[in-house]
Amino acid sequence: MKNHLTMKELPSQDRPYEKCMQYGPGVLSDSELISVIIRTGSSGEKSTDLAGRILSAGPDGLLNLIRMSLEDLMKIHGVGRVKAVQLKCAGELAKRIASCRRAADCVMGNPKDIAMFYMERMRHEEKENLILAMFDRKNMLLGDELISLGTSNASLVTPQEVFKTALKNKAEYIVLLHNHPSGIPEPSGEDIRVTARIRECGELIGIPLMDHIIIGDNCYFSFREQNILM
């Protein structure tokens, strides 16, 4: 005698897809939302059960979709390459949606708004990413580019790379951002030296460096707010 019903044997009101259709996605639990994305479970296991194992596979629950690598997800029994890619794409969408909601508020003069705009995009990264944010004459964000992908504890960048990108995009002002994988955004001696060098080059070229923001885990450090960059 079977102890567990399959997804098809469940009453329609208990199936995640049908529940979403009838009541909307807001009523679904985290595991039910994931089960809709992955669609099927593993042999002898419902998709919701597999989703529950995905949530418990690491210490971060839903953030496993962002913080676990493709390879780590594929180590979970029942998660193959297709499901792992689906989960990573869902995590990436979540990061981008969080950024889109703040895009209109990303104005150069407010370090907190800039930091919050980039927070979800950068705080989960395991290596240091250095991003160049470029602003127009009205102090509104023109766009950004990843300038450097460093190791787990260092980000490498040259003024040439920064200002080549800024000139190409016709930026009037720039802001540097990079993350600290440790989650602690205090600047290192190298962070301070690189910032000073790029600020000096910006003054010569006529594209001022207005801030350098270090992203931690739900916290940030602004060189401008701390009066290091004036």
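Our subject is the structure that appears above.
Residues numbered from 1 in each chain as written. Predicted model: local features only at pLDDT ≥ 70, side-chain atom pairs only at ≥ 80, totals over all residues. Heavy atoms only, no water.

What exactly am I supposed to notice about a nonpolar patch on the surface here?
A surface patch of nonpolar side chains, about 340 Å² in accessible area, is lined by Tyr17, Met21 and Val36. Note on placement: Met21 falls in helix 1 (residues 16-23). (Patch = residues over 30% accessible without salt bridge, like charges linked within 9 Å, V, L, I, M, F, W, Y side chains within 5 Å. Areas by Shrake-Rupley, 256 points an atom, 1.4 Å probe, with all protein chains shown as cover. Salt bridge = Lys/Arg side-chain N within 4 Å of Asp/Glu carboxyl O. Helix = DSSP H or I, 4+ residues; strand = E, 2+ residues; numbered from the N terminus.)

Please explain the sheet that holds strand 4 (residues 209-215) as it appears in this structure.
What holds strands together in a sheet is hydrogen bonding between their backbones, with the strands either parallel or antiparallel. Read across the sheet, five strands follow the order 2-1-3-4-5 without closing on themselves; strand pairing throughout is mixed. The open sheet terminates on both sides in strands that have one partner only, identified here as strand 2 (141-149) and strand 5 (220-222). Taken over all neighbouring pairs, the strand axes of this sheet differ in orientation by 20° on average, direction set aside. The sheet contact formed by strand 3 (residues 173-179) and strand 4 spans six bridges and is parallel. Looking across to strand 4, one finds that His178 is bridged to Ile214. With respect to the sheet, helix 7 (residues 111-122) is in contact with strand 1 (129-135), strand 2, strand 3, strand 4 and strand 5, its orientation differing from that of strand 4 by roughly 45°. (Pairing = 2+ DSSP bridges. Axes fitted to C-alpha atoms, helices over the stretch in contact; angles between N-to-C directions. Contact = heavy atoms within 4.5 Å.)

What exactly am I supposed to notice about the pairing of strand 3 here?
Each regular strand displays side chains that alternate between the two surfaces of the sheet. Across the seven residues of strand 3, six count as buried, placing the element largely inside the fold. Summarising the sheet, strand 1 and strand 3 pair through six bridges and their orientation is antiparallel. Within the sheet, the bridge partner assigned to Ala133 lies in strand 3 and is Val175. At this point the chain moves from strand 3, through helix 9 (residues 189-205), to the parallel strand 4, and the crossover so formed is right-handed. (Buried < 20%, exposed > 50% of the residue type's maximum accessible area, 1.4 Å probe, protein only. Right-handed = clockwise from strand over helix to strand, strands pointing away.)

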